[in-house]
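The residues making up each chain are set out below.
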Amino acid sequence: MKITLSVNIGGYSFNIDEDAYSELKRYLKNLQLHFAGEESSAEILSDIESRIAELFRTKLTSYKQVITIDDVNNVISVLGTPEDISDNERTSAKDKFSSPGYHRMYRDTDHRIIGGVCSGIGAYWNVDPWIIRLIFVVVTMLGGLGLLVYLILYIVLPEARTTAQKIEMKGEPVNIQNIKDSVKKEFDTVRKNMNL
Amino acid sequence: MDLENTKAQMRKGILEYCILSILSRSSCYASDIIKELKDAKVIVVEGTLYPLLTRQKNARLLSYRWEESPQGPPRKYYELTKEGKEYLADLDESWNDLVESVNLIRTR
């Protein structure tokens, strides 16, 4: 048994399962973000919503009165995800924005134990950060110098905050495709950690 | 080289042309345009249509009016404008030239 909600889609009223509603809401939000740069984004979204309502109405019968998650997924596949839609749009923009493979050392705070210094060094040289940490610990035990070096690096190295910086940290070129892939990877990691 | 990208570029120009062509035969609703485009396999996902329709409307190639519907809220009924018809005639010519050129190259 599921809770349903009553929604207004394009001027029509629908009963929709709770999980279907969440998925639909997420899809509409993604579309909104995708079209945010367009001149008439509100109009485009409104047209799409009307179409969604049209498609939903074909799925309801006297036996089936509620929109389910399968219906929502089906409509998404028919209308297309923002990725599907953008594949058909201005693809020339993809190639224009790209910076060459600057390779800079940053502090990788996403994977830090203390300050991200060892993670950052590891990312720069493509070495496991634990090896760097081991080196620091050994050098510290042998006379404290490691701690000093760590503090200096902590102050000197900037934190890799933006996605572009995180890509530069690994020495890869910064272009739309790479940024897309990085953000997707981060999203999936968070999703996994939250068991969504 | 990205094959999918090249194919998408080819298809993108054609889609705008097809929308105008469909409307030149008769004015209709967005859902009718979608059906024709899908039957002709010009689009895969319907979402690609809406930004294009709106852009063409903003460029005054199309216009729409709201048609009352017995079953629910009013719907947009699209038709080609005078500029749209001229634009289409230009594209028709351009398309014919293109087909001729490509055929020349392919059949040599």
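Higher on the page you've got the structure.
Okay, so let's go over this structure. (Residues numbered from 1 in each chain as written. Chains lettered and ligands numbered in written order. Predicted model: local features only at pLDDT ≥ 70, side-chain atom pairs only at ≥ 80, totals over all residues.)

Brief notes about the overall build of chain A
- On a plain count of helices and strands, chain A comes out with 10 helices and 4 strands.
- Starting at the N terminus, the α and β elements of chain A follow one another as β-β-α-α-α-α-α-β-α-α-α-α-β-α.
- Here chain A holds 196 residues, and the buried ones make up 23% of them. (Helix = DSSP H or I, 4+ residues; strand = E, 2+ residues; numbered from the N terminus. Buried ≥ 20, exposed ≤ 12 C-beta atoms within 10 Å, placed from the backbone.)

Points about the environment of B:V45
- The topology assignment puts B:V45 in the loop between α2 (30-39) and α3 (49-58).
- For the pair B:V45 and B:I34, spaced 11 residues apart in sequence, the C-alpha separation works out to 9.4 Å.
- Beyond its immediate chain neighbours, meaning those up to four positions away, B:V45 contacts A:L79, A:G80, A:D84 and A:I85. (Contact = placed C-beta atoms within 7 Å.)

Observations concerning the pairing of strand β3 (residues 72-80) of chain B
Residues and elements named next belong to chain B.
- Note that strand β1 (residues 28-29) and β3 share 2 bridges and pair antiparallel. Its bridge partner lying in β3, Y29 is registered against Y77.
- Taken together, the 7 bridges between strand β2 (residues 62-69) and β3 define a ladder with antiparallel strand orientation. Counterpart to R65 in the pairing with β3 is Y77. (Pairing = 2+ DSSP bridges.)

Some thoughts on the interface of chain B and chain A
- Counting from both sides, the interface comprises 18 residues of chain B and, opposite them, 22 residues of chain A.
- Ranked by residues supplied to the side of chain B that touches chain A, first place goes to helix α1 (residues 3-25) of chain B with 6 residues.
- Residues of the side of chain B that touches chain A, tallied by class, amount to 6 nonpolar, 8 polar and 4 charged. (Nonpolar A, V, L, I, M, F, W, Y, C, P; charged D, E, K, R; others polar.)

Quick look at the sheet that holds β2(B)
All names here are of chain B.
- The sheet built from 3 strands is open, its strands ordered β1-β3-β2 with antiparallel pairing. With partners counted over all chains shown, the strands left at the sheet margins are β1 and β2, one partner each.
- Together, β2 and β3 form the strand contacts of α1, whose direction differs from that of β3 by roughly 95°. (Axes fitted to C-alpha atoms, helices over the stretch in contact; angles between N-to-C directions.)

Considerations on α1(B)
Residues and elements named next belong to chain B.
- Compared with the 33 Å implied by 1.5 Å per residue over 23 residues, the 33 Å span of α1 between its first and last C-alpha is a close match.
- Listed as buried for α1 are I19, I22 and L23.
- In the core, the buried residues of α1 are packed alongside α2, α3, β2 and β3. (Expected span 1.5 Å × (residues − 1).)

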